[in-house]
Amino acid sequence: MVSPLVRTFQTIGKFSLAAALGMGLIAGDALAQQTAPSPGSAKAIFGGVTLPTQGPSQSIGFYAKGCLAGAVALPADGPTWQAMRLSRNRRWGRPELIGLLERLSRDAAKNDGWPGLLVGDISQPRGGPMFNGHASHQIGLDADIWLTPMPQRKLSAADREALPFTSMLAKDKFLTINDRVWTPAHARLLMRAASYPEVERIFVNPAIKKKMCDSWTGDRSNLGKLRPEYGHDSHFHIRLRCPPGSVGCTGQAPVAAGDGCDKTLAWWLGPEPWVKPKPKPSDKPPVKPREVMVSDLPRACEAVLAAPPVASVRAATYGAKGAGAAAETDAMPASGNTPPGQIPQQ
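Summary of the structure given here. (Residues numbered from 1 in each chain as written. Predicted model: local features only at pLDDT ≥ 70, side-chain atom pairs only at ≥ 80, totals over all residues. Heavy atoms only, no water.)

Section: the state of the cysteines
- Applying the stated rule across the entire model yields 3 disulfides.
- Disulfide pairing is shown between Cys 213 and Cys 261; the S-S distance is 1.9 Å. Because the torsion about its S-S bond is -85°, the bridge between Cys 213 and Cys 261 counts as left-handed. Taken together, the positions of Cys 213 in helix H7 (residues 206–215) and Cys 261 in the loop between strand E11 (235–240) and helix H8 (263–269) put the pair 48 residues apart, joining distant regions of the chain.
- Taking relative accessible area as the criterion, Cys 213 reaches 10% and is therefore assigned buried.
- Note on cysteine connectivity: Cys 242 is disulfide-linked to Cys 249, with sulfurs 2.0 Å apart. With the S-S bond torsion at -75°, the cross-link from Cys 242 to Cys 249 turns out left-handed. By the burial criterion, Cys 242 is buried, and Cys 249 matches it.
- In the protein chain, numbering the disulfide-bonded cysteines from first to last in sequence yields the connectivity 1-6, 2-5, 3-4. (Disulfide = S-S within 2.5 Å. Helix = DSSP H or I, 4+ residues; strand = E, 2+ residues; numbered from the N terminus. Buried < 20%, exposed > 50% of the residue type's maximum accessible area, 1.4 Å probe, protein only.)

Points about helix H4 (residues 95–111)
- Taking 1.5 Å of rise per residue, 17 residues should cover 24 Å, and H4 covers 24 Å from first to last C-alpha, within 8% of that figure.
- With its phi angle positive at about 70°, Gly 113 sits one or two positions after the end of H4. (Expected span 1.5 Å × (residues − 1).)

Re the pattern of salt bridges
- Summed over the entire model, instances satisfying the criterion amount to 15 salt bridges.
- The residue Asp 142 makes a salt bridge to Arg 239 at a minimum N-O spacing of 2.7 Å. Highlighted residues: Asp 142 in strand E8 (residues 142–146) and Arg 239 in strand E11, separated in sequence by 97 residues. Residues Asp 142 and Arg 239 agree in their burial class; the two are buried. (Salt bridge = Lys/Arg side-chain N within 4 Å of Asp/Glu carboxyl O.)

This is the structure:
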């Protein structure tokens, strides 16, 4: 998918990409259409586990190279949230993250005119690399939240699988917000999410970042947490810092000081990210990347895979004795764009 976009960019200029970008070709589930992993790979093994481990929560390794012990599930339904794409079995995370998502949903509904969250992928039951869709989300500290407001009705299981994403981008302009779908409530929701100290960064499309830089008139002290990253025009991605005392969790470099509305943002909005690096005479032919194996992850991840599971989904659902637990069942699912030369910092 990327190569044709790059060729178009190089041939007739960046504005010719506007229609493709506006249609969401690099948004939402774009990365989910990938080849199935080989049996024995880390993706296949972690993606095939249906329940988390018993015991306390522990994030092991880095966001894009690790695993998760003692995960808890976001309840499928709550007063101000609904979990999406349930068949993926990816609504697992650390209690700190699940609690924050519920808190954000309540705060945004009460204070920001946002009726409720549609929550996408968090992590698998034991974290680790996913079958498809993400490089990160491996240690229970990442979560995707749709930029589509929660409807007033309870969505059916079929609705949650089929409801399309809504891009915030205009179809006829390069990396420009569509003001017919973007609202001030979107901006308030993002800044509400950024206001929590445990949130380290939030990935948004570069056009969304620019919109926030140009239009946000409130407190800008947390605006720097909004980080430009392609593929986030229909959802935003919350990342928590490693919780205090979380031994074995490898954090990311802190966000740079300032609001991020400077030349670093201008780079994302220009042609450079889409131009293939010129080959050098010394360059060797590209080699297909080797699939990640469990042995490539921190050694403790082998023990996570071998650990006994909890008794049921209900037993590991966050706040199972409180609101939202009634919607849980113990049934498990049957199965569970980046410019060239660039590694996502997710």
